[in-house]
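Per-entry structural report
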Amino acid sequence: DLEYANAGGEMLRDMAKKSISSCSIESLVNDSKFLIVESLIELISALIASGKDSIAQAEAHAEGGASGAAPTDTAELALELLFSLSLRNRDRMTLFWPRIHEFLATCTRQESASIEGFAVLNKRAIEGLMRICQRLLPYKEDTADILLGSLSLVGEMHPRIVWELAPSISTELITLLSQSAPHIRTETGWRTIAILIRISASREEVLPYSLQALQLACQNPRAVSTESYIPLLETCLQLIDGFKATNPNIAAEFLECADALFAWLSSGDKESTTNAATANATVLDLWLTSVGILTKGLCRESSEKLRHTSIEALHRTLIGSSSLNLPPDMWVQTLRELVLPLVSDFAKAIPAASKKRLLPGATKSLQMSIDMVTSVLSKYAAAIAGDGDFGELTRATFVVLSECEAAAAGVKDKATVAMIQERVKTLQSLPSLQEGGGSDDSVAANGAGPAGSPTTSPPATTTTTVAPPTTAAAPTAPTTAAAPTAPAANGIAGETENNVASLNQEEPPTCQQS
């Protein structure tokens, strides 16, 4: 009976081989665009079933303690055929892609990562998927979300497999972004790109390719949008924080990527998939969040290079924001609650920095911040002078400049004292400050005093110091976080602190070699 059964099984296998040969699989796949939808779905379902059977046999092979690699060749062939069918039926992808996505999830699940042979299957699944994205995104933007949704499976794969795939992921990602970055138009899609960038950055030898991928996204005005801004900025911040101690040069490169985002935000050329009113509110929200990130975080870095580059970025962002037509009350509160406290904190750091060298380059940071705040106020004074709190802003500015002069005089820094006195004269000569009551009698009467004596008289109230943020974890793949909501008219400092905190709290799963 057993011999008969074996003979019958052999006969069935021979019949199956003859049937496959007569079907001409290659022609069937190449001409699949002529199949009706029902037949196409049946073909795809049959390939998926054969692939799942191969995976089940491989798992049983491993569970049974058999030696050697698990046989996943049938699943690998099924993947290749499914990708070919998808390319030839791109106009009907939405009808069958959910089935392929489910099969991809089976091929990349963590539970099978320990089985020998599955690493090859994982690699073929991800690399094949990225090639499909490269082929279709420039021509079929409507497929971006479903394809990138499947590509996000990388973030759920076993860390060891991801570590091994990091080099190929980075090179495929560079190709994808160089060709298709402008065609990714949703925040969900960009969060998938951010995952891939952070994953590839987890391997030091792949780090230059991760940087190149991030540059392709951040420095391409056609790729940056209100949808991509937050995912890309989160990625920049986490990579800066992760490498500033171990590789400050690469951290500075990531900061330049963030600076490119800030520059785009301050420009007048915006593109959004939302309506005009919503887009404008979103841009204002992103601008306020970015200024908060700079004033509360990046401009306070202990690294002199990162800190000064950040102050320059903040200066450019503020000066270049005229095209945004920000409301006067937002300007007043931003300068008063975010920018002036930063300058004040630099002044307070000067004595300790001079004695204990706690903050390298503190004097230059103070000079740069004074130049920034006085230049911004000089440029926008006429536009915001009508705000009811403008007088309070200008008085607070003179108070902070008085603190800066006192701090510089205390360490016998004559150059900084002279600079401050010159800037005070410039501000006091502005017609907007004179007409708006910003320079009150006590301030105007003092003028620019001699070196070593403050030019302004501070009031009884003190300026609140904003503590620098705590150090975040090393860069890793992100979890999804909602973009910050638009700020209210009042309480900008509080709203911004919440938005900055929401970015700093991104704690993605670690991707490290096992």
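In what follows, the accompanying structure is described. (Residues numbered from 1 in each chain as written. Predicted model: local features only at pLDDT ≥ 70, side-chain atom pairs only at ≥ 80, totals over all residues. Heavy atoms only, no water.)

1. Considering the overall build of the protein chain
- In terms of regular secondary structure, the protein chain is built from 21 helices and zero strands.
- In the protein chain, 78% of the contacts between residues at least 6 apart in sequence involve partners at least 24 apart.
- Entry remark: accessible area of the protein chain is about 22700 Å², with carbon and sulfur atoms responsible for 53%. (Helix = DSSP H or I, 4+ residues; strand = E, 2+ residues; numbered from the N terminus. Contact = heavy atoms within 4.5 Å. Areas by Shrake-Rupley, 256 points an atom, 1.4 Å probe, with all protein chains shown as cover.)

2. Overview of the packing of helix H17 (residues 390-410) against helix H18 (residues 414-428)
- Viewed as axis vectors pointing N to C, H17 and H18 meet at an angle of 160°, and their least axial separation amounts to 9 Å. Relative to H18, H17 is oriented roughly antiparallel. Relative to H18, the crossing made by H17 is left-handed. Between H17, through Thr-397, Phe-398, Leu-401, Cys-404, Glu-405, Ala-408 and Ala-409, and H18, the contact on the second element is made entirely by Thr-416, Val-417, Ile-420, Gln-421, Val-424, Leu-427 and Gln-428.
- Residues belonging to the contact of H17 with H18 are distributed by class as follows: nine nonpolar, four polar and one charged. (Axes fitted to C-alpha atoms, helices over the stretch in contact; angles between N-to-C directions. Parallel < 35°, antiparallel > 145°, perpendicular 65-115°, else oblique. Left-handed = near helix turned anticlockwise from the far one by under 90°. Nonpolar A, V, L, I, M, F, W, Y, C, P; charged D, E, K, R; others polar.)

3. Topic: the packing of helix H8 (residues 159-180) against helix H9 (residues 187-200)
- One way to put it is that H8 packs onto H9 with a least axis distance of 8 Å and a crossing angle of 130°. Comparing their axes, H9 and H8 come out oblique. In the crossing of H8 with H9, the sense of the turn from one axis to the other is left-handed. Residue-level inspection shows Val-162, Ala-166, Ile-169, Ser-170, Leu-173, Leu-176 and Leu-177 of H8 in contact with H9, the latter providing Trp-190, Ile-193, Leu-196, Ile-197, Ile-199 and Ser-200.
- Of the residues in the contact of H8 with H9, the class split is 11 nonpolar, two polar and no charged.

4. Considerations on the side chain of Ser-228
- Secondary-structure assignment places Ser-228 in the loop between helix H10 (207-218) and helix H11 (229-243).
- The exposure class of Ser-228 is buried, given its relative accessible area of 0%.
- Every residue in contact with Ser-228, bar those within four places of it in the chain, is listed here: Trp-190 and Ala-223. (Buried < 20%, exposed > 50% of the residue type's maximum accessible area, 1.4 Å probe, protein only.)

5. So, the environment of Leu-233
- Examined against the element boundaries, Leu-233 turns out to sit in helix H11.
- By relative accessible area, Leu-233 is classed as buried at 0%.
- The spatial distance from the C-alpha of Leu-233 to the C-alpha of Ser-290 is 8.9 Å, given a sequence separation of 57 residues.

6. Some details on the pattern of salt bridges
- Per the counting criterion, the structure on display carries 18 salt bridges.
- Of the charged contacts in the structure, one is a salt bridge between Arg-109 and Glu-59, with a shortest N-O distance of 2.4 Å. In this pair, Arg-109 sits in the loop between helix H5 (93-107) and helix H6 (118-136) while Glu-59 sits in helix H3 (residues 37-63), placing the two residues 50 residues apart along the sequence.
- Since its relative accessible area comes to 29%, Arg-109 is described here as partly exposed. (Salt bridge = Lys/Arg side-chain N within 4 Å of Asp/Glu carboxyl O.)

7. Some remarks on H5
- Taking 1.5 Å per residue, 15 residues should reach 21 Å; H5 reaches 20 Å between its end C-alpha atoms and fits that length.
- Within H5, the full set of buried residues consists of Met-93, Phe-96, Trp-97, Ile-100, Phe-103, Leu-104, Thr-106 and Cys-107.
- Looking at the buried residues of H5, the elements they touch are H3, helix H4 (73-88), H6 and helix H7 (144-151). (Expected span 1.5 Å × (residues − 1).)

8. A short note on the state of the cysteines
- Summed over the entire model, instances satisfying the criterion amount to zero disulfides.
- Distance from the sulfur of Cys-236, which forms no disulfide, to the nearest cysteine sulfur (Cys-218) is 4.0 Å. (Disulfide = S-S within 2.5 Å.)

9. Here we look at the environment of Leu-177
- With respect to the helices, strands and loops of the structure, Leu-177 is situated in helix H8.
- Take Leu-177: its relative accessible area is 1%, and that puts it in the buried class.
- Placed 36 residues apart in sequence, Leu-177 and Ala-213 show a C-alpha to C-alpha distance of 6.9 Å.
- Every residue in contact with Leu-177, bar those within four places of it in the chain, is listed here: Ile-184, Trp-190, Ile-193, Ala-213 and Leu-216.

10. Observations regarding the packing of aromatic side chains
- Tallied over the full model, the rule gives four aromatic pairs.
- Judged by centre distance (5.9 Å) and plane angle (35°), the ring pair of Tyr-229 and Trp-264 falls under tilted. Placement of the pair is Tyr-229 in helix H11 and Trp-264 in helix H12 (residues 248-266), with a sequence separation of 35 residues. The same class applies to Tyr-229 and to Trp-264, which are both buried.
- An aromatic cluster is present here, built from Trp-287, Trp-331 and Tyr-380 joined pairwise through their rings. (Phe/Tyr/Trp six-rings, centres within 6.5 Å; stacked < 30°, edge-to-face > 60°.)

11. Quick word on a nonpolar patch on the surface
- A cluster of nonpolar side chains, Met-11, Leu-12 and Met-15, forms an exposed patch at the surface whose accessible area comes to about 330 Å².
- Tracing the backbone shows Met-11 in helix H1 (residues 2-23). (Patch = residues over 30% accessible without salt bridge, like charges linked within 9 Å, V, L, I, M, F, W, Y side chains within 5 Å.)

12. Focus on H4
- Counted at 1.5 Å a residue, the expected span for H4 with its 16 residues is 22 Å, and the 23 Å between its end C-alpha atoms agrees.
- Within the span of H4, buried status applies to Ala-75, Glu-76, Ala-78, Leu-79, Leu-81, Leu-82, Phe-83, Leu-85, Ser-86 and Leu-87.
- Buried residues belonging to H4 abut helix H2 (25-30), H3, H5 and H6.

13. Focus on unusual backbone geometry
- Of note in this structure, Asn-325 is not a glycine but carries a positive phi near 50°.
- By secondary structure assignment, the location of Asn-325 is in the loop between helix H14 (304-319) and helix H15 (328-356).
- Overall, the relative accessible area of 63% leaves Asn-325 in the exposed class.
- Although it is not a glycine, Lys-412 adopts a positive phi angle of roughly 60°.
- Looking at the secondary structure, you find Lys-412 in the loop between H17 and H18.
- Lys-412 sits in the exposed class, given a relative accessible area of 72%.

Interpretation in functional terms is not warranted from these geometric data alone.
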